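Summary of the model geometry
Residue strings, one per chain:
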Amino acid sequence: MKSTILIQKSTHILLFAPLAFAAACNTSVNTVQTPSRGGANRIPVEKILFNPELSADLRVDDVREKMSGDHWTIQVNLTNVTGGDIEYQYRFEWLDPQGFLVDTPTSTWLPRKAHAGETLEITGVAPKPNIADFRLKLTNLDR
Amino acid sequence: MFNRSRLIMILAAPLAFATACAGSTRRIDASSNEGLVTAHDVNFKDWQDAAESLTNSLLQSSVLANYTAQNPTVMQISNVVNKTTQHLDTEILTDKIRIALLGSGKVFTTTAIGKRAEDDATKDARALGNDPMIDPNTVQPNRTVQAPRYSLSGIIIQIKVKEGGASESYFNFKLTLTDLKTGLGVWENEKEIAKQTTRSGAGW
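Read on for a plain summary of the structure. Keep in mind the model is a prediction, meaning the values are calculated, not measured.

What counts, and at which threshold
- Residues numbered from 1 in each chain as written.
- Chains lettered and ligands numbered in written order.
- Predicted model: local features only at pLDDT ≥ 70, side-chain atom pairs only at ≥ 80, totals over all residues.
- Heavy atoms only, no water.
- Axes fitted to C-alpha atoms, helices over the stretch in contact; angles between N-to-C directions.
- Helix = DSSP H or I, 4+ residues; strand = E, 2+ residues; numbered from the N terminus.
- Parallel < 35°, antiparallel > 145°, perpendicular 65-115°, else oblique.
- Left-handed = near helix turned anticlockwise from the far one by under 90°.
- Contact = heavy atoms within 4.5 Å.
- Pairing = 2+ DSSP bridges.

1. A closer look at the packing of helix α2 (residues 44-60) of chain B against helix α4 (residues 91-104) of chain B
Residues and elements named next belong to chain B. Axis separation between α2 and α4 bottoms out at 9 Å; the angle between their running directions is 40 degrees. Between α2 and α4, the interaxial angle falls into the category oblique. The crossing of α2 and α4 is right-handed. Contacts from Trp 47, Gln 48, Ala 50, Ala 51, Leu 54, Thr 55, Leu 58 and Leu 59 in α2 reach Ile 92, Leu 93, Lys 96, Ile 97, Ala 100, Leu 101 and Ser 104 in α4.

2. Quick notes on the sheet that holds strand β4 (residues 166-179) of chain B
Residues and elements named next belong to chain B. Taken in spatial order, the five strands make up an open sheet running β2-β1-β3-β4-β5, and their pairing is mixed. For this open sheet the edge positions go to β2 (107-109) and β5 (184-198), each flanked by a neighbour on one side alone. Taken pair by pair, the neighbouring strands of this sheet meet at an average axis angle of 25 degrees, ignoring direction. Note: strand β1 (residues 73-83) against β2, three bridges, orientation parallel. Residue Val 74 lies in a different strand from β2, and its bridge partner there is Phe 108.

3. Some points on the sheet that holds strand β3 (residues 58-68) of chain A
Spatially, β3-β4-β7 (chain A) is the arrangement adopted by the three strands of the open sheet, whose pairing is antiparallel. Both outer strands of the open sheet, β3 and β7 (119-125) of chain A, are each paired with one neighbouring strand and no more. Direction aside, neighbouring strands of the sheet carry axes that sit 20 degrees apart on average. Relative to β7 of chain A, strand β4 (residues 71-80) of chain A runs antiparallel, the two being bridged by seven bridges. Its bridge partner lying in β7 of chain A, Asn 77 of chain A is registered against Glu 121 of chain A. Packing of α2 of chain B onto the sheet brings it into contact with β3, β4 and β7 of chain A, and relative to β7 of chain A it is tilted by some 70 degrees.

Next comes the structure, spelled out in structure tokens:
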């Protein structure tokens, strides 16, 4: 189903290349299904949202969780599978049990660099105990 | 007869010229990375980055693990010393952290005590007991204000280096949580941010 959506998006990009070029400057994200690796994952990788360009460059290796006291901590392990450095940005978003976005100063786009072939970790800590869900958004850093 | 429209054009020309030369101004999303990046200043994204990192570290620390929304602790925000070459409003960092800590339910920050107590009203409200205009039953009693258990302090350091056409700044944001019962630093962490800039060789 999601593959179909991605194919449709690709067709649209080809047809509307100038528009797509302009839209590349924004920080919209699309879900990309990445096969999970290993048996330690407890978090579905569908919670990791890439923009299409970045999804080919960064691979999700692992998504782990633990409790730090009563705060949910998420660690996402990624690998830059390209031969060059990548500048990207990420943002954790936290949802309460009713599905509402929790407003917190720590939920902001943060710039990072991944060197060629580097494996790296992104860690997020839930801003309060009663967090039911999260999203991690990753997109290219356009300056 | 002097052409009136010609007169208007002559008078309006400087304004039109100024308008044409003016740069564009736009709002940007403060949560995005659209902001300017300058090597030797702390940009708003640097504050956000430091606050996110240090808040996450503090929330994960064993110090705060025993506190809950039913049993919160009280923290005083003390000085964050600015040892950079810039004028910095360090409250940008501490305010983000205190908002996040308050949101966590584990920590209340006192606004009544400390060198940077923001609100004198706690003290002033008690002085109202001497005012004959005030109903004494509505005056806040003494010995009810909570003393802080912890104090959050810090330091921001900048190291500037220049070589040829390149220059860089290294910023270190370090915070310390002191247990006021023992005087011991029970949590410390730092966030490092380094930025580099090169001067264009094509300029003249």
